[in-house]
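Okay, here's what each chain looks like letter by letter:
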Amino acid sequence: PPAMSRRVVRQSKFRHVFGQPVKADQMYEDIRVSKVTCDSSFCAVNPKFVAIIVESGGGGAFIVLPLAKTGRVDKNHPLVTGHTAPVLDIDWCPHNDNVIASASEDTTVMVWQIPDYVPVRNITEPVVTLEGHSKRVSIISWHPTARNVLLSAGCDNLVILWNVGTGEMLLALDNMHTDLIYNVGWNRNGSLLVTTCKDKKVRVIDPRKQQIIAEKTKPHDGTRPIRAIFVADGKIFTTGFSRMSERQLGLWDLNNFEEPIALQEMDTSNGVLLPFYDADSSIVYLCGKGDSSIRYFEITDEAPYVHYLNTYSSKEPQRGMGFMPKRGLDVSKCEIARFFKLHERKCEPIVMTVPRKSDLFQDDLYPDTPGPEPALEADEWLSGKDAEPILISLRDGYVPIKNRELKVVKKNILDSKPPPGPRRSHSSCNSDCFSPALEEVLEEIRALKEMVQAQEKRICDLENKLCQFTNGTD
């Protein structure tokens, strides 16, 4: 009947979003992407750098490339190598584009300061090493609004929150997960966490009260891993598998966790779907590990709530995926997302664009978006304060800030530890004769350290000056 043919198509400015890979010379070639079997994304990007977990003989490493350094990567390009076992996850600090955290099979989390220039040698010294897990650490995630707050989750079923600025453990969430944690996500202001676990539960946790405030058993009936993220208005978006091993997506309301708002089947592939969410456009992008496509959906308040937009397809499967924060996009080209797709030996940026005829700034596509300034200090957050992200306008594009140093002020451990008992050492009887000589050696070490630091600073300043002259050319 004619009435059928007049069915109204849903209005949305994102209906025609399309994905396109960059030209061959804009890719990053000759990178030995890690082969570790782990459902992490293996890639982290920000407006300055792309970081990728790589193969490394003994220990664990990742490579950091300035965004503009496309093309073939020199085989001697320095790596970040401090872990003694493979790196499993990396995450850039949202409030400092030169600071990245890495989690490893060696049970530690390390935080690194990356210089704006390409260093000559491997970076081997982290700014701080965070030790508290007893098994490998497969998940890390920075707090979205509080400075220096970092979350880590390990195979010891433990979630730890750290203050990177002091190197201290702020909170340990134990006895909450009975099995392996699959993923952890913050809500927009960092007041709540959502976690998925091998025990088939999705939990919403208030980390400061150390309470589970909502949980859902088996949001997806299948046995394979589930993923969950917060989307707008505190709703939760999940990916998982049906009993028939079909991949599913679900949308849930915390106030009524029993019934899904939406539950959709997709296909029968077995790769875990990694969801990436853009709050500004309410689009969720699903990238399956081992898939060669990216599917994307718009989440709205109208049924069916999760609206399929399109699929970006290619021939090559993806080993991992990086997702650029909004402030790193090219607004003059109406770019609304940029992915960094990992192949076996290269990283290929994929640009998602809304087709527009005008060259003017499209303010409906770019509402103000979280900028690089934290809204809270770590201790304010810990004491119970919440704050929304501090937003910036992208009207004139975003210019990355110069390298800001991450300062770690360790509290003096001796202040809080009880004095040690009597030492049973051979030298305790005649230690008096050693002390002047020992003092002298310590003084010399102190002086040498200061000299090294001064030289480091001088080298750094000179390299930065050199950068200005060469202006990024080789």
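Here the structure is a predicted model, which means the values were calculated and not measured. (Residues numbered from 1 in each chain as written. Predicted model: local features only at pLDDT ≥ 70, side-chain atom pairs only at ≥ 80, totals over all residues. Heavy atoms only, no water.)

Some words on the overall build of the protein
The helix and strand inventory of the protein stands at 4 helices and 32 strands. A compact globule built from 474 residues should have a C-alpha radius of gyration of about 23 Å, and the protein, at 24 Å, falls within 12% of that. Along the first, second and third principal axes, the C-alpha set of the protein runs to 105 × 55 × 40 Å. Considering the protein as a whole, with its 474 residues, one finds that 49% of them fall into the buried category. Taking all contacts inside the protein whose residues are at least 6 apart in sequence as the whole, residues at least 24 apart take part in 52%. Carbon together with sulfur atoms contributes 51% to the accessible area of the protein, which is approximately 24,400 Å² in total. When the 58 positive and 63 negative side-chain charges of the protein are each reduced to one mean point, those points stand 4 Å apart. (Helix = DSSP H or I, 4+ residues; strand = E, 2+ residues; numbered from the N terminus. Rg over C-alpha atoms; globule rule 2.2 N^0.38 Å. Buried < 20%, exposed > 50% of the residue type's maximum accessible area, 1.4 Å probe, protein only. Contact = heavy atoms within 4.5 Å. Areas by Shrake-Rupley, 256 points an atom, 1.4 Å probe, with all protein chains shown as cover. Lys, Arg positive; Asp, Glu negative; His and termini not counted. Charge placed at Lys NZ, Arg CZ, Asp CG, Glu CD.)

A word on the pattern of salt bridges
In the structure shown here, the tally under the stated rule is 27 salt bridges. Arg10 is the salt-bridge partner of Glu298, the closest N and O atoms lying 3.2 Å from each other. Pair noted here: Glu298 is in strand E26 (residues 293-299) and Arg10 is in the loop between helix H1 (2-5) and strand E1 (18-21), with a separation of 288 residues, a long-range link. Arg10 sits in the partly exposed class, given a relative accessible area of 22%. The salt bridge involving Glu215 is made with Lys201; its shortest N-O contact spans 3.6 Å. Of this pair, Glu215 sits in strand E19 (residues 211-217) while Lys201 sits in strand E18 (residues 201-206); the two residues are 14 residues apart in sequence, bridging distant segments of the chain. (Salt bridge = Lys/Arg side-chain N within 4 Å of Asp/Glu carboxyl O.)

Details of the UniProt feature "repeat: WD" (unreviewed entry) in the protein
Under the present numbering, the feature "repeat: WD" (unreviewed entry) in UniProt falls on residues 80-114, 130-172 and 174-215. Secondary structure over residues 130-172 splits into 0% helix and 56% strand, and the C-alpha atoms at its two ends are 13 Å apart. Note that residues 174-215 is 0% helix and 52% strand, and that its end C-alpha atoms are spaced 16 Å apart. (UniProt positions renumbered as here; feature names shortened; annotations may be inferred.)

With respect to the nonpolar core
Counting 36 residues, the largest nonpolar core has Ile31, Val50, Ile52, Phe62, Ile114 and Phe340 as the members making the most contacts within it. Those elements that place two or more of their residues in this core are strand E3 (43-45), strand E4 (49-54), strand E5 (60-66), strand E8 (87-92), strand E10 (108-113) and strand E29 (335-342). Setting aside residues up to four positions removed in sequence, Phe340 forms contacts with Tyr28, Cys43, Val45, Val50, Leu67, Gly320, Met321, Gly322, Met324, Cys347, Glu348 and Pro349. Of all hydrophobic cores here, the second largest spans 25 residues; its members include Phe14, Tyr296, Val331 and Val354. (Core = buried A, V, L, I, M, F, W, Y, C linked by side-chain atoms within 4.5 Å.)

Some thoughts on the side chain of Asp156
With respect to the helices and strands, the residue Asp156 is situated in the loop between strand E13 (149-154) and strand E14 (159-163). Summary of buried charges: Asp156 has no salt-bridge partner, and the nearest side chain of opposite charge, Lys135, is 7.9 Å away. Not counting the four nearest positions on each side in its chain, Asp156 is found in contact with His133, Ser134 and Lys135.

Side note on the sheet that holds strand E11 (residues 128-131)
If you walk across this open sheet you meet the 4 strands as E8-E9-E10-E11, and the pairing is antiparallel. Strands at the two margins of the open sheet, each flanked by one partner only, are E8 and E11. Across the sheet, the mean angle separating the axes of adjacent strands is 20° when strand polarity is ignored. Pairing of E8 with strand E9 (residues 99-104), which is carried by 5 bridges, proceeds in the antiparallel orientation. Note that in E9 the partner of Val87 across the bridge is Ser104. (Pairing = 2+ DSSP bridges. Axes fitted to C-alpha atoms, helices over the stretch in contact; angles between N-to-C directions.)

Here's the deal with unusual backbone geometry
Here the residue pair Ala303 and Pro304 is connected by a cis peptide bond, since its omega of 0° sits within 30 degrees of zero. With respect to the helices and strands, the residue Pro304 is situated in the loop between E26 and strand E27 (306-313). Phi at Asn148 takes a positive value of approximately 65°, unusual for a residue other than glycine. Looking at the secondary structure, you find Asn148 in the loop between strand E12 (137-142) and E13. Here Asn175, not a glycine, exhibits a phi torsion of approximately 60°, which is positive. As for its placement among the helices and strands, Asn175 is situated in the loop between strand E15 (168-173) and strand E16 (181-186). According to the relative accessible area criterion, Asn175 is exposed, its value standing at 78%.

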